[in-house]
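# Observations on the three-dimensional arrangement
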Amino acid sequence: MRDAIVVSISNCLTSVFAGFIIFSYMGYLSHVTGQPVNQVVQQGQGLAFIVYPYAVTTIPPAPLWAILFFFMMLLLGLDTMMTSVEITITSILDFFPTLRSRGLYKISAITIICLVQFIASINFSLQSGTYWIEFVDYYAGNWAVFLIGALEAISISWFYGTFPKKFIFLSKYLKFLKA
């Protein structure tokens, strides 16, 4: 429980820190170029790897800000990676409690999880990685948010007892949701 709280709080604090830096760069670029903020900013990876490096090179002393910016990008990547690995490990160890009790099994389970995630992510670091990131973001990212929101709504209504009354029409399509 303690690890989950520490990881969640560090993830949130890192995101807030990154937000301060990113919005400061956006305002600075808007000031330098004389354009409104919504015309300076682009979407996608170009924002992190084209627009912000340009902003960093125009702020004196540029090398210091460049090092701090890319250090921030490294921390964001590590933070996201540790969070996703910790969630996966905790979920699997909770589902298979025998892995948690034995030290060697736990280490081997964690190693296998990390290797599977590493192999699954190699495609994103190849030359076609930006296309794969856009593809996965467009087709998988939006559906995940929708699915999580729908499942949260169904779970809350089921827990508070309103599921059988309001969502009974789903039961003939989704047999496992019957009360």
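First things first, this report covers the structure right here in the doc. Residue indices follow the written sequence of each chain, beginning from 1 at its first position. In keeping with the predicted nature of the model, local features appear solely for residues at pLDDT of at least 70, side-chain atom pairs appear and are counted solely at 80 or more, and the whole-chain, interface and lining totals rest on all residues. As a rule here, side-chain values cover all heavy atoms of the structure and leave hydrogens and water aside.

## Here's the deal with the overall build of the chain
Defined as follows: Note on conventions: DSSP H or I runs of at least 4 residues are helices, E runs of at least 2 residues are strands, and numbering of each starts at the N terminus. The buried label goes to any residue with under 20% of its type's maximum accessible area, the exposed label to any with over 50%, and the partly exposed label to all in between, with areas taken from a 1.4 Å probe on protein chains only. Every residue pair with non-hydrogen atoms within 4.5 Å of one another is taken to be in contact. A 1.4 Å probe and the Shrake-Rupley method give the accessible areas. Residues count as covered only by the protein chains that appear here.
In terms of regular secondary structure, the chain is built from nine helices and zero strands. Across the 179 residues in the chain, those meeting the buried criterion constitute 20%. Considering only contacts within the chain whose residues lie at least 6 apart along the sequence, 44% involve residues at least 24 apart. As displayed, the chain has an accessible area near 13,500 Å², and 73% of this comes from carbon and sulfur atoms.

## Here we look at the packing of aromatic side chains
By convention here, two paired aromatic rings are described through the distance between centres and the angle between planes. The cut-off we apply is this: Pairing of aromatic rings covers Phe, Tyr and Trp, the last through its six-membered ring, and needs centres within 6.5 Å; plane angles under 30 degrees mean stacked, over 60 mean edge-to-face, and all others mean tilted.
Counting across every chain of the model gives four aromatic pairs. Plain terms: the ring middles of phenylalanine 69 and phenylalanine 70 are 5.0 Å apart, the flat faces sit at 80° to each other, and that makes the pair edge-to-face. Judged by relative accessible area, which is 1%, phenylalanine 69 ranks as buried. Classification of phenylalanine 70 by relative accessible area gives partly exposed; the value is 41%. Pairing phenylalanine 135 with tyrosine 139 gives two aromatic rings, centres 5.0 Å apart and planes at 55°, and the pair type is tilted. Of the two residues, phenylalanine 135 and tyrosine 139 both sit in helix 7 (residues 129-159), four residues apart, roughly one turn of that helix.

## Looking at a nonpolar patch on the surface
Selection rule: Each patch is built from residues lacking any salt bridge and having more than 30% relative accessible area; the joining distance is 9 Å for like charges and 5 Å for nonpolar side chains (Val, Leu, Ile, Met, Phe, Trp, Tyr). Salt bridge criterion: a side-chain nitrogen from Lys or Arg within 4 Å of a carboxyl oxygen from Asp or Glu.
Together, Phe124, Trp132, Ile133, Phe135, Val136, Tyr138 and Tyr139 make up a nonpolar patch on the protein surface, roughly 690 Å² of accessible area in all. In this structure, phenylalanine 124 sits in the loop between helix 6 (103-121) and helix 7. A residue is classified by how much of its surface remains accessible, and phenylalanine 124, at 34% relative accessible area, is partly exposed.

## Some thoughts on the nonpolar core
Note the threshold: Among buried residues, those of type Ala, Val, Leu, Ile, Met, Phe, Trp, Tyr and Cys that are joined through side-chain atoms within 4.5 Å constitute a nonpolar core.
Of all hydrophobic cores here, the largest spans 14 residues; its most connected members are Tyr25, Leu29, Tyr52, Phe69 and Met72. Going through the elements one at a time, helix 1 (2-33), helix 3 (45-58) and helix 4 (62-95) are the ones with two or more residues in this core. Filtering out sequence-adjacent residues up to four positions away, tyrosine 52 remains in contact with Ile22, Tyr25, Met26, Leu47 and Phe69. Judged by nonpolar contacts, the second largest core, of six residues, contains Val85, Leu93, Ala109 and Ile113.

## Some remarks on the side chain of serine 30
Along the polypeptide, serine 30 turns up in helix 1. Discounting chain neighbours no more than four positions away, the residues touching serine 30 are Gln35, Pro36, Val37 and Val40.

## Observations regarding the packing of helix 1 against helix 4
What counts here: Comment: axis = line fitted to C-alpha atoms, over the contacting stretch for helices; angle = value between 0 and 180 degrees taken between N-to-C directions. An angle below 35 degrees is read as roughly parallel, one above 145 as roughly antiparallel, one from 65 to 115 as roughly perpendicular, and any other as oblique. The crossing is said to be left-handed when, going from far helix to near helix, the turn is anticlockwise and less than a right angle, and right-handed when the turn is clockwise. We call Asp, Glu, Lys and Arg charged. Ala, Val, Leu, Ile, Met, Phe, Trp, Tyr, Cys and Pro are nonpolar, and the rest, Gly among them, are polar.
Closest axis-to-axis distance for the helix 1/helix 4 pair is 10 Å, and the angle between their directions is 150°. Relative to helix 4, the element helix 1 lies roughly antiparallel. Considering how the two elements wind past one another, helix 1 and helix 4 form a crossing that is left-handed. Within the contact between the two elements, helix 1 uses Asp3, Val7, Ser10, Asn11, Thr14, Phe17, Ala18, Ile21 and Tyr25 and helix 4 uses Trp65, Phe69, Met72, Leu76, Asp79, Thr83 and Glu86. Its residues assigned to classes, the contact of helix 1 with helix 4 shows nine nonpolar, four polar and three charged.

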